[in-house]
Each structure stands twice: as C-alpha cells, then as structure tokens.
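In case you want the letters, here they are:
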Amino acid sequence: MTRLTDDVPHRHESFLRDYGEKIVEVQDETRTPNTSLFTFNKEDHTLGNLISQRLHKYPFILFSAYKVPHPLFSSFELRVQTDGSITPKEAVLRCCQEIVEDLHKLKGKFNTEWAIHLAKQQVDEERRGREREQF
Amino acid sequence: MDDDLLPPEDNGDLQIAFIEASNERAHFVIKNSNLETANSLRRTMLAEIPTLAIDVVEVLDNTSVLADEFICHRLGLIPLSAKGIDELLYSRDCECDGYCELCSVVLTLQAKCESSDVMKVYARDLVITSSRGNQQLGNPVLTDPDRLGSCIVKLRRGQAIHMRCIAKKGIAKEHAKWAPTAAVGFEYDPGNRLRHLDYWYEEDPKKEWPVNEQHLNMDGVPPQEGEPFDYDAVPTRFFFDVETVGGMPPDEIVTKGISTLQEKLAAVIQELKGGDAGDNLDFGGAQSPTMNGMGYGGQDAGYTTPYGGGGPSATAYGGATSAYGGNPW
Ligand SMILES: [Zn+2]
C-alpha cells in the first residue's frame, strides 16, 4: 500500500467534511455594521463565486466578496454587508434559495429542448431515408 | 446550426437552444443566464457528479511485461457504465467492511496467452462477477466498431494476468477517473465585445485567433469596428459543449450537474436555517457530498421539488437514521 506523506493532503479532504464539521459557519463582523463573515468548509469557487456574485444583484447588498485563504485548505470565506433591511445571513439564504429555483427552471428547459431536438433529428432522419428510397 | 433554431427573440426569460444532440455530445446555448451560474454548472459537471470507476485491484497473477501498479492505473481509467449509480452507496458510507454489493461492482480480468501470437487484452474482457442493481452498471464502455474497448495489456506466449477489480462510486474531485465528461466546451461572448479576453498575438490577433463563427452567429449582432465600449454590458449567452466519456449520456450529465449543484446549495440552506434551531443540527459528519444535500426537503415550495422527490426519501432532519451509517436508499 502506498503511504502518502504527512504533508500531502488525502484526495478526499477537498470535499469530505469531518465528523460534525459544519458546511457554513457564520461570524458577525463588528467593525462594520450589518456585516457577517461566512466560512464555508470543504467548498470551493463553485459556491464561492456563485453566491458572492449573485448577491451583487440585490439592492440591499452593500458588499459581497469571497476569498480562498489558502490553496491547500479547502474552504472559502464570504464577507457580506447589507444596508440593514435584511441580515447578511437572510440575504445569503435568500440568494441560495433563488439560485436553486433558477436551476430548477434550467433543468426543466434543458429536458424539454433536449427532447424536442432529438425528435426533430429523428424526423429529419426519416425524411432523408424516404428521399433515398425515391432515388 | 442556424439562427432559425433559436426560439423567437427573448423577453428576458431563460432559454436553451440546441446546436447538436447525440449519444456523445450535448452542444447547446443557455440564453438569459448569468456567468456565475453557468460557470458553477460547468465546474460541477466536471468535478462533482458521481460515477463508477475501478478503485481497488487485487492482483492474483501478473506475468506480463507491465508492472502491477501500471496495469492497475490503466484499469482505473477504463470508463464504466454509471447507469443507476444513484442506487449505489459510497463505500465510505456503507456499513460493510471494505466493499460489498451495496457499494461496489466487482470485475474480473483473466487472460492467458497460449499461442505464438501476441494476445491483446481489452476492456471488454472485464467480466462482472458480482450482483448489481441493474444489468448495465459497471459494464465497460465499448464504443468502437468492434466493441473491444481500450487495450489494457499485451501478452506473449506463457504470460498471464488475473485481477479482481473493485469498482466504486466516486467524484472527479477525488480522482479524474470519476469524471463523467471527456470535455466541457464553454464559451461566451465569442466576438470578445466585453473584452474579457486580451489576446496574445504575433502580428494580428484577428488572424491568429479564429472566431467560432457558429457561436458568433448565435450571439446577436456581431461587434462592429469602432463601436463604443459598453461599460455596463454583461454576458448573458453561454455555449456549452458537453462530451461524455461514455458511462453516462450527455443529457444526464447536464441534469445531474444541475441537481448536484442544487444539492450543494440545499445543504447550505439547511444549515443556515437550522443554525437558529439549536442543536438538532447533528447530521454532519463524514458524509459523501451528495448525502449532505439530501436532507433538504423542507416545506418551502419552489426549491423543494428538484430533488425532494425521486431520490432517497430519508431526510437528514426527519429521518434521523439517514445521517450516516444507515442505508437511506
Ligand atoms: Zn458496502
């Protein structure tokens, strides 16, 4: 059996959370009003960019950005500041829920279009077949 | 193909138009979406859709010229059918010791050369020797005309190999052999109107960087010479070209990619919501990625449907057993 040396992280460490490890930890930032720091464990740019960029589209967001503190540790920090009409946590929650809804629509659209395109291709195929027979 | 493939011009609603759909490829454009969603979808399709690949090999005999680990590595990379992979457990979530029929598929490779000709051992020579949920899961993908699959080793007279290969469920974040896609083509703004690209060139970037005309035609009016730069413009159309390795049809890769992303977000939603509720949060632990999201199936309309139904019925919250260990399927 190959032994990885201690300083090489195991391959699954980039996505498998330890026992009891949280996905998100929320910490209030006291230096600026209505600000929270979210630490996402075992997540990467896939969620970091998705959430931070989407938050920019809400009028109640004053600041939203993420960083990956260290390339060898699979976590990212998301900092969110709102105008006070909604807490940063509620904002992130709403953002995630709306992305899920959008993705649901996307999946529906994809499935319909895929089926339509396949049907079209089949019709074309049959027509070509008939044309060949005529010659 | 042509512009006429696209539905009548948009009203700002999300749209999808196909350029090509086949057993190997899904080439389509998403309109009225945004860069962060499109890119996250691309990333999930590449790295986080569970598939099946050979993970452990018991070498019973190997007198070929290739070293054991060399052949094992090759075996790992052979594409296997991932049909019904959702019903297979991750080995680490399974209660068994090592591997069992709930969390693995066993393939046996046995060959001996007895003629004076060189014998080639192909992927099709992998024989399933365990029972499984359906008759396709774990079958080597054979797409060449002769249905041989890839060549694993060559044997001379008297040489033999005998290996028990244990295929397990995994994701490409752990090892690229679990990637369902051979490639995901991804492009937006083919005319570089937004100037997200600053082309390197020898003499003339226009000559040295051929434009994808097909995509350009589908991306609205092509950029004009000397047109003023729009500082507010953002990309809205995204061209995807998903090519499968063979274990999973391309449309399934896309829908599974979307579902996987939804599950990731659902896990976040659940935790943010549950945070206030106190210590009934204890569903965490060393779970596999997809299991984390499964719990989310709350009362809220809208985002419940996508993965609430169909999948495993146990919720991490309600069905306390599902957290881990127990078989939630
Ligand atoms: Zn098992």
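Calculation criteria
Residues numbered from 1 in each chain as written. Chains lettered and ligands numbered in written order. Predicted model: local features only at pLDDT ≥ 70, side-chain atom pairs only at ≥ 80, totals over all residues. Heavy atoms only, no water. Helix = DSSP H or I, 4+ residues; strand = E, 2+ residues; numbered from the N terminus. Expected span 1.5 Å × (residues − 1). Buried < 20%, exposed > 50% of the residue type's maximum accessible area, 1.4 Å probe, protein only. Contact = heavy atoms within 4.5 Å. Donors = N, O, S within 2.8 Å, 3.2 Å for Na, K, Ca; no water. Tetrahedral: all angles 85-135°; square planar, octahedral: opposite > 155°, others 65-115°. UniProt positions renumbered as here; feature names shortened; annotations may be inferred. Buried area = accessible area lost by both parts, 1.4 Å probe. Salt bridge = Lys/Arg side-chain N within 4 Å of Asp/Glu carboxyl O. Pairing = 2+ DSSP bridges. Axes fitted to C-alpha atoms, helices over the stretch in contact; angles between N-to-C directions.

Asker: Would you explain helix H1 (residues 35–47) of chain B in this entry?
Answerer: A turn of α-helix holds 3.6 residues, and therefore any two residues three or four places apart point the same way. For H1(B), built from 13 residues, the straight-helix expectation of 18 Å at 1.5 Å per residue is met to within 8% by its first-to-last C-alpha distance of 18 Å. Here H1(B) has its buried residues at Glu36(B), Thr37(B), Ala38(B), Asn39(B), Ser40(B), Leu41(B), Thr44(B), Met45(B) and Ala47(B). Here the buried face of H1(B) lies against helix H1 (45–55) and helix H2 (88–134) of chain A together with strand E2 (25–31), strand E9 (181–188), strand E10 (238–244) and helix H5 (250–274) of chain B.

Asker: So what exactly am I meant to see when it comes to the coordination of the zinc ion here?
Answerer: Note on metal geometry: ideal angles are 109.5 degrees for four donors arranged tetrahedrally and 90 or 180 degrees for six donors arranged octahedrally. Residues and elements named next belong to chain B. For the zinc ion, every protein donor is listed as Cys 94 (SG), Cys 96 (SG), Cys 100 (SG) and Cys 103 (SG), and the spread of their distances is 2.2 to 2.4 Å. Each of the four donor atoms bound to the zinc ion contributes to angles spanning 103 to 116°, and the resulting shape is tetrahedral. Taken in sequence order, the residues that donate to the zinc ion follow the motif C-x1-C-x3-C-x2-C.

Asker: What's the story with the UniProt feature "domain: DNA-directed RNA polymerase RBP11-like dimerisation" (unreviewed entry) in chain A in this structure? I'm lost.
Answerer: According to UniProt, the feature "domain: DNA-directed RNA polymerase RBP11-like dimerisation" (unreviewed entry) maps to residues 37–107 of chain A in the numbering used here. Strand forms 28% of residues 37–107 of chain A and helix 44%; the C-alpha atoms that close the span are 32 Å apart.

Asker: Looking at this model, I keep getting lost on the interface of chain A and chain B. Mind explaining?
Answerer: Interfaces are often sized by the amount of accessible area the parts lose when they come together. If you look at the interface, chain A gives 50 residues, while chain B gives 60 residues. Taking both partners together, chain A and chain B bury about 5000 Å²; carbon and sulfur atoms supply 67% of that area. Interface area lost by chain A to chain B is led by Phe15(A), Phe110(A) and Trp114(A), which between them contribute 14%. Our enumeration of links across chain A and chain B arrives at four salt bridges.

Asker: Teacher, can you tell me more about the environment of Lys31(B) here?
Answerer: For Lys31(B), the location among the structural elements is in strand E2. Given a relative accessible area of 1%, Lys31(B) falls into the buried group.

Asker: Any chance you could explain the pattern of salt bridges here in plain terms?
Answerer: Should their charged atoms come close, side chains of opposite charge can pair. Summed over all chains, the structure comprises 27 salt bridges over all chains. Its salt-bridge partner being Lys173(B), residue Asp44(A) comes within 3.2 Å of it at the nearest N-O pair. With Asp44(A) in the loop between strand E2 (35–41) and H1 and Lys173(B) in the loop between strand E8 (160–170) and E9, this pair bridges two chains. Of the charged contacts in the structure, one is a salt bridge between Asp86(B) and Lys256(B), with a shortest N-O distance of 4.0 Å. Placement of Asp86(B) in the loop between helix H2 (68–76) and strand E4 (104–112) and of Lys256(B) in helix H5 is noted, with a sequence separation of 170 residues between them. Given the relative accessible area of 38%, Asp86(B) is considered partly exposed. You can call Lys256(B) buried: its relative accessible area is 13%.

Asker: Is there a simple way to think about the pairing of E4(B) in this case?
Answerer: On a regular strand, each side chain points to the face opposite its neighbour's, so the side chains alternate between the two faces of the sheet. All names here are of chain B. E4 sits mainly inside the fold: seven of its nine residues count as buried. Bridging between E4 and E8 involves nine bridges; their strand directions are antiparallel. What sits directly across from Val 105, in E8, is Ala 167.

Asker: Would you mind showing me how to read the sheet that holds strand E3 (residues 61–67) of chain A here?
Answerer: For sheets, the rule is that strands pair by backbone hydrogen bonds, running either parallel or antiparallel. Taken in spatial order, the four strands line up as E1-E2-E4-E3 (chain A) in an open sheet, and their pairing is antiparallel. In the strand order of this sheet, the two ends are held by strand E1 (24–29) and E3 of chain A, each with one partner. On average, each strand axis in the sheet is inclined to that of its neighbour by 15°, with strand direction left out of account. In terms of strand pairing, E2(A) meets strand E4 (residues 75–82) of chain A through seven bridges, oriented antiparallel. Residue pairing for E4(A): Phe40(A) is matched across the bridge by Phe76(A). Across the sheet, H5(B) is in contact with E1 and E2 of chain A; its angle to E1(A) comes to roughly 55°.

Asker: Mind showing me how you'd approach the environment of Cys113(B) here?
Answerer: All names here are of chain B. Here Cys 113 shows up in the loop between E4 and strand E5 (119–122). On the accessibility criterion, Cys 113 (1% relative accessible area) is buried. The sequence separation of Cys 113 and Ser 64 amounts to 49 residues, and the corresponding C-alpha distance is 9.9 Å. Excluding residues within four positions of it along the chain, Cys 113 makes contact with Met 119, Leu 155, Arg 156, Arg 157, Gly 158 and Gln 159.

Asker: What's the story with the UniProt feature "domain: DNA-directed RNA polymerase RpoA/D/Rpb3-type" (unreviewed entry) in chain B in this structure? I'm lost.
Answerer: With numbering matched to this structure, UniProt assigns "domain: DNA-directed RNA polymerase RpoA/D/Rpb3-type" (unreviewed entry) to residues 25–271 of chain B. Structurally, residues 25–271 of chain B comprises 22% helix and 26% strand, and the distance from its first C-alpha atom to its last is 36 Å.

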